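Structure assessment
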Amino acid sequence: MSDTYRCYRGIKRAMMQFFQPRPTGHREKHLNTLCALICGLTGGKHAHLSTIADHAPSNGAKQESVIDRFRRFLKHDRQTIDGALLPVAKELLTTLARQPIQLVMDGSVVGRGCLALMLSVVYHGRALPLCWLVVRGAKGHFPETLHQELLSQVQAIMPEGASVTFLGDGEFDGTKLQADLRRGEWQYVCRTASTIGITACGVQFHVGSLGPPQGELVAVSPAWMTDAQYGPVSILAIWEQQYQEPIYLVTNMLDLEMALQLYKKRPHIETFFSDLKSRGFHIHKSHLNDPKRLSRLLIACCLAYLWIVYLGVCAVHQDWMQRLHRQDRCDLSLFRLGLRLLARALKDHIPVPDGFLVPMVLPKPLIRTFIKQAA
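Cut-offs and rules
- Residues numbered from 1 in each chain as written.
- Predicted model: local features only at pLDDT ≥ 70, side-chain atom pairs only at ≥ 80, totals over all residues.
- Heavy atoms only, no water.
- Helix = DSSP H or I, 4+ residues; strand = E, 2+ residues; numbered from the N terminus.
- Contact = heavy atoms within 4.5 Å.
- Buried < 20%, exposed > 50% of the residue type's maximum accessible area, 1.4 Å probe, protein only.
- Salt bridge = Lys/Arg side-chain N within 4 Å of Asp/Glu carboxyl O.
- Pairing = 2+ DSSP bridges.
- Right-handed = clockwise from strand over helix to strand, strands pointing away.
- Axes fitted to C-alpha atoms, helices over the stretch in contact; angles between N-to-C directions.

Structural notes on the side chain of Arg296
Within the secondary structure, Arg296 sits in helix H11 (residues 291–317). The residues contacting Arg296, other than those within four sequence positions of it, are Phe73, Leu74, Lys75, His76, Asp77 and Gln79.

Put into structure tokens, the structure is as follows:
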């Protein structure tokens, strides 16, 4: 059996656990096409359909026929996140919710002239995608209504009783989004602008006027934001010694020191975007310019990413490390380890590990290693 078919069968076995009873008819054909897309992405590491087809199973079909099959999948209105990715995301959150969960929202350029707004869960130095929205537009901010729409999708699948903290940059400090988070009894820490008006102790002023000295932190609590007087919230002004200017955070957390520590996990979504782009599948180089088709291509990209990260965890758990990397330290992320494990398994004719969902924790000796891993 060729490496391509071994990879494809490993992906399909992993995916089938989320689709019970087993799909038949057109549903099975669509699932087979999705698995072929995932296989082609992991093999070709590029979002061009021609490259994906080069590394996907063809069953003897011509190259153009395989590409046309993928085009039909991306055009099909029934191929949605709800049907293909949310079942996986729901099981992932159920597994991770045994411990406090951190969610990160951010946007990035995909395809030609489109932006994707992503909501992900933080996991050992990586952000694992849960859902997204794609719109046409240049790089910039999304309307707050889209922030709320994306948030509602994850709130609908979050396990009851989960302890959740939402992390966002300066785009996600809207008072309506904060109100939605508070209604869901979720904590949040978001960056805010220095020009935002706040009221505290009966005095109105701009956040930037807090102006902490370099190396220090100033906190104001309780405070109320904007002319709408949304609150109560806490405002943090932090100017860390290594940076050229302060940042300002808004939070509903009571433990402000913990709020600051959690916010430092927000950049993990940037590593995910790097893996989705230049270090992984080059989704930003796709020639697609239709938001709906790009959203469907992202289904395959994000499932491929989750599978590769799962293989990276397998490398840690199943004693692969001595075959894959140096023993004195680990300079590879879970994503890079997963790619290396897959390549080694295919080359040495070793069975590709079955599964899709990462476990809640890594072995304790390796947690410190991955905290220091290369971005």
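Considering helix H6 (residues 86–96)
For H6, the complete set of buried residues consists of Leu86, Val88, Ala89, Leu92, Leu93, Thr95 and Leu96. In the core, the buried residues of H6 are packed alongside helix H5 (81–84), strand E1 (101–110), strand E2 (114–123), strand E3 (126–136), helix H7 (144–157) and H11.

Concerning the pattern of salt bridges
Within the structure shown, the criterion is met by 11 salt bridges. Of the charged contacts, one joins Asp106 and Arg266 as a salt bridge, the two residues approaching to 3.4 Å between their closest N and O atoms. Here Asp106 is found in strand E1, whereas its partner Arg266 is found in the loop between helix H9 (256–263) and helix H10 (268–276), with 160 residues between them in sequence. Between Asp348 and Arg344 there is a salt bridge; the shortest N-O distance is 2.5 Å. You can call Asp348 partly exposed: its relative accessible area is 33%. Using a relative accessible area of 25% as the deciding quantity, one classes Arg344 as partly exposed.

Remarks on the pairing of strand E5 (residues 187–192)
Regular strands have side chains that alternate between both faces of the sheet. Here strand E4 (residues 164–168) pairs with E5 via 4 bridges, running parallel. Across the sheet, residue Thr165 finds its bridge partner in E5, namely Gln187. Read as a crossover between parallel neighbours, the route from E4 over helix H8 (residues 175–183) to E5 is right-handed. As defined by bridge partners, E5 adjoins strand E10 (residues 247–251) across 4 bridges and the pair is classed as antiparallel. Its bridge partner lying in E10, Arg191 is registered against Leu249.

Considerations on the sheet that holds strand E9 (residues 230–239)
Read across the sheet, 10 strands follow the order E3-E2-E1-E4-E5-E10-E9-E8-E6-E7 without closing on themselves; strand pairing throughout is mixed. Of all strands in the sheet, those with a lone pairing partner are E3 and strand E7 (203–206), marking the two edges. For this sheet, the mean angle separating the axes of adjacent strands, direction not counted, is 30°. Here 7 bridges tie strand E8 (residues 216–225) to E9, and the two strands are oriented antiparallel to one another. By the bridge assignment, Ala219 is partnered in E9 with Leu236. Set on the sheet, H8 makes contact with E4, E5, E8, E9 and E10; between it and E9 the angle comes to about 110°.

Let's talk about the environment of Met258
Relative to the helices and strands, Met258 resides in helix H9. Spatially, the C-alpha atoms of Met258 and Val66 are 51 Å apart, while their sequence positions differ by 192 residues.

As for unusual backbone geometry
Leave glycine aside and you will find that most residues have negative phi; peptide bonds, for their part, are mostly trans. Here Ser221 and Pro222 are connected by a cis peptide whose omega angle stands at 0°. Its location among the elements puts Pro222 in strand E8. The residue after Gly231, namely Pro232, is reached through a cis peptide bond having omega 0°. A positive phi is found at Glu185, a non-glycine position, where the angle reads about 60°. By secondary structure assignment, the location of Glu185 is in the loop between H8 and E5. Owing to a relative accessible area of 73%, Glu185 belongs among the exposed residues under this scheme. Phi is positive for His349, which is not a glycine, with a value near 55°. Mapped onto the secondary structure, His349 falls in the loop between helix H13 (334–347) and helix H14 (364–371).

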